[in-house]
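Coordinates in review
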Amino acid sequence: MRISEFIARTITQRSRLVWASLALLTGACLAILITSLRLDSEIFNVLPGRFSSVQGLKIYDREFEQTHELTFALLCTPQDVDKLENFAPVFAEKLRKQPWCTRVLAGSPMATPDGIRDLQSIAVPLLLNLEPSVFDETISILQAHKIQDRLHRLRQQIEGASPRSEFELSIDPLGLIAPALKPFAENTAIEQEQPLTSPDGTMRVFLAVTNQPAVSAFECQRLMRRVNEFRSTAVAGWDGGRLQVLITGRAAFVSEISLSMRYDIVATLLGSILLVSCIFFVGFQRWLPLVGMAICLLLSCLVALTLGQLLFGRLSMISVGFCAILVGLGVDFAIHLIGRYHQARSDGESHQQAIGTSIAKLGRAVFFGALTTAVGFAALVLSGAMSFSQLGVLIAIGIFIAGLFMCSILFLFIRERETPMSHDWISDLVRKYVRRAVRRPAAILICSSAVLLLLTGIGFSPIPPLRFEASTRSLQPKNIRANQALEEIMHKMPVRWEPVLAIVHAANSQELHDAWQKLAAHWKELQTARKIKSFFTPVALCPSPNWMQRNRGNLSAINFQAARQALAQTLDAEGFNPDAFGPAFALLDDLQRVADPRVPLPNWREQLSKSSSWWFLVDRYFAQDPLLTTGFVTTNQPVSTHAQSQALKRDLPVEGVPVILSGWTYTLADLLPWSHRQLLIISALMAIFDVSLLAILYRDLRLWLIQIVTLAIGIGAMIASMKLLHINLNLLNVLSFRLVLAIGVDYGIYIVLVWQKTRDVEHDVAGVIKPVLLAGLTAVSGFASLALARNPSLTGLGIACALGIFWSLVATVFFTLPAIAAAEPKAWRENKCASR
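Here's what I pulled together on the structure shown here.

Rules of the game
- Residues numbered from 1 in each chain as written.
- Predicted model: local features only at pLDDT ≥ 70, side-chain atom pairs only at ≥ 80, totals over all residues.
- Heavy atoms only, no water.
- Pairing = 2+ DSSP bridges.
- Helix = DSSP H or I, 4+ residues; strand = E, 2+ residues; numbered from the N terminus.
- Axes fitted to C-alpha atoms, helices over the stretch in contact; angles between N-to-C directions.
- Contact = heavy atoms within 4.5 Å.
- Salt bridge = Lys/Arg side-chain N within 4 Å of Asp/Glu carboxyl O.
- Buried < 20%, exposed > 50% of the residue type's maximum accessible area, 1.4 Å probe, protein only.
- Patch = residues over 30% accessible without salt bridge, like charges linked within 9 Å, V, L, I, M, F, W, Y side chains within 5 Å.
- Areas by Shrake-Rupley, 256 points an atom, 1.4 Å probe, with all protein chains shown as cover.
- Phe/Tyr/Trp six-rings, centres within 6.5 Å; stacked < 30°, edge-to-face > 60°.
- Lys NZ or Arg CZ within 6 Å of the ring centre and 35° of its normal.

With that out of the way, let us pick up the sheet that holds strand S5 (residues 244-249). Taking strand neighbours across the sheet as the criterion, the 4 strands line up as S3-S4-S2-S5 in an open arrangement whose pairing is antiparallel. One side of each edge strand has no neighbouring strand; the edge strands of this open sheet are strand S3 (101-105) and S5. With strand direction ignored, the average angle separating the axes of adjacent strands in the sheet is 25 degrees. Along the sheet, helix H4 (residues 81-96) makes contact with strand S2 (69-75), S3, strand S4 (203-210) and S5, crossing S4 at roughly 10 degrees.

This next bit is on the pattern of salt bridges. Pairing is possible between side chains of opposite charge, provided their charged atoms come close. Across all of its chains, the model carries 14 salt bridges by this definition. A salt bridge links Lys 649 to Asp 670, with the shortest nitrogen-to-oxygen separation between them at 3.3 Å. Within this pair, whereas Lys 649 is found in helix H27 (residues 642-651), its partner Asp 670 is found in helix H28 (residues 664-670), the two being separated by 21 residues in sequence. For Lys 649, a relative accessible area of 34% gives the class partly exposed. Among the residues examined, Asp 670 registers a relative accessible area of 4% and is labelled buried. When the shortest N-O distance is used, the salt bridge between Arg 702 and Asp 700 registers 3.7 Å. A relative accessible area of 23% means that Asp 700 is categorised as partly exposed.

Right, let's talk about the pairing of S3 for a bit. Taking burial as the measure, the 5 residues of S3 include 4 buried ones, the bulk of the element. Here S3 pairs with S4 via 4 bridges, running antiparallel. Looking across to S4, one finds that Arg 103 is bridged to Val 209.

Let us now look at a nonpolar patch on the surface. A contiguous nonpolar patch, built from Leu 382, Leu 680, Ile 681, Leu 685 and Ile 688 and spanning about 500 Å² of accessible area, is present on the exposed surface. Judged by relative accessible area, which is 47%, Leu 685 ranks as partly exposed.

Next up on the list: the packing of aromatic side chains. In total, this model carries 20 aromatic pairs according to the counting rule given. Lying across the ring of Phe 616, Arg 103 places its NZ or CZ 5.7 Å from the centre. Across the ring face of Phe 622, the terminal group of Arg 605 is positioned such that the distance to the ring centre comes to 4.8 Å.

Residue Ile 463 is joined to Pro 464 through a cis peptide bond whose omega torsion reads -5 degrees. Secondary-structure assignment places Pro 464 in the loop between helix H19 (441-460) and strand S7 (468-469). Phi is positive for Arg 530, close to 60 degrees, though the residue is something other than glycine. With respect to the helices, strands and loops of the structure, Arg 530 is situated in the loop between helix H21 (509-528) and strand S9 (534-536). Residues other than glycine seldom take positive phi values, yet His 726 does so here, at roughly 60 degrees. Positionally, His 726 belongs in the loop between helix H30 (701-724) and strand S12 (729-730).

Function cannot be read off these values alone, since they describe shape.
Structure follows, in structure tokens:
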């Protein structure tokens, strides 16, 4: 018994067993998903993980404190600038009182007494961490006569109305704090490039660190619900015009992206089902097979999702789009099988015989169609991007399962005593077209070739160019408030351009200090040579146990008692109140205490207040692990080309110092060759697979050449459409070319395989052209429904694939068929058309 006969017999005679098996399978899948389904909202998973620059982005996003940081912005009208200036402190105080907020930065820490006091509290460890020669020069100030000279000079300058001297006297009367803080203060320049007030005064920015326990999607959603409650009451007391409260940050993005994932799943799936259902009903005018097709597709999605969850453990935000794609692709099998079933019934076969005939005639084509599509999507694994690898594997699994279900379960929903269609206008048009295309193919072939070759010429011509967009905008989510807030902030307070990140992870403090010392010295040379504009490192905050031990030993030579007496006597002689200089005497006491080798070396992390605003600066350099750090390099020009990224990769590292270079713009420039390889090399591999498979299937050089030309002009027309519609390529939608090659070849396979075995061209080819048309339109609809997604990666991929599949369908129907007919002798065509 053949497989087709076995399936037909099982479906018609043992339907209860089939239904019970389906119920068991559905229950098992739902149980697994309910207990183990986890979604990953990590946006960087759309990039290939094998690149060190991508790994650096993930490290910086995951390990550094910015994951717990939210950015608030108040935006007012130009008429209310003065009112905003007065309201900003009120808003900042409200923000500090929130239970989910641990600290707030509302202005420069140097402008507040607390900020200055916090710097004084870490002066001793920073002083000990100075380079030995600098340290020796600094502590020489503690000689009695130098203390007297310094205080006398400051007294004279104050009498000369010097506010700087008055500030210096109140902060650093001994002259020790300024040298200790100099390396640290130099790093605040990076903050000056990111001001907290817009140039026109209409926006004020506040940075807040939250106390959320984790950065998972559910924790971010929980936090943002509380933050949005605060947003609704934060403007109470504002007496001006419209005041917007903008909020952005990692938690805001993750919360909205994870929620938009639900929308993407529902919108794309329902949109795909609606479009596909309309096309199916127009083609067959029956609801029950449509319901059966939908159930088969949903069950295929369910099984594929379950297997994907078991295989990967966590599914990304991109892979959730597989359902809509699978609906658009899997329906192809249903359309072909149902179309062939109805044709068999029209020929007088029974219900069971028609099922067997449908499977026998098209089972091979369904298998190879599923194979080419599955291989095309499975090839996404070669991209190296986890999200698209998952997407490819899920669709590859789902398409094979859909083919299996369509060849079996679908026929449960076809009644044995269905009334024939009253008038099938699509079939009538198809038969007329097939008759003309077979008997007089020249006219159709000339017209279609002219249009398609013109588009192909435009597509492969360098003019107009197909632009490649290597920017963060091509990856940023759209229509979410966090992104809109970020764009508004960047518009109001633009920075010059994003610096390059240099991430260093060391095994111990001394190794970390030595690494940054070497990098800082090397980058200073690059800056002098004008190869980079500027750089900022955490070297001043990276303690060197060796230097600190050596410098502590030199403190033993200082007579602290004499220094204390000289300070007290000079203050009295110059007419200063000694009580106002308590911090100076405390500094001498601290230095005398740490001079004792039995006292542990001071740690600035333990002495800096946890509520200090300086942590906002510190956290830009240090991760949660204090041995994981980052520096920043500002280039002379924005990094936009691969040559620039390669030059930085060559110039910035130092031999013997493991460093990861990263940053959004740097990473995107670094990935340009990868993206080009996706477009060229891997698409070429897919084309080679298609060419080889077609040669095995057809074993006819003429048919093989016609199919190859069809694939080429389909891709050419796709590129032309993208040029004319101003659709740019980006790092992700370049993957669409291999998918179009994998899917577009299926339509030709159906037609050519039927052509090779036909005894009646008009009957048999017309019977497959209608399903091919409907299947192509449903595939276009499936991908086009991704335009409803908020995720730009899914949207771009869907639009590009929809264009490619559309032109592949047009080329197959209006070029392949007449070309095949034209390749045959006229007598052969007339004989085949008249045989019925």
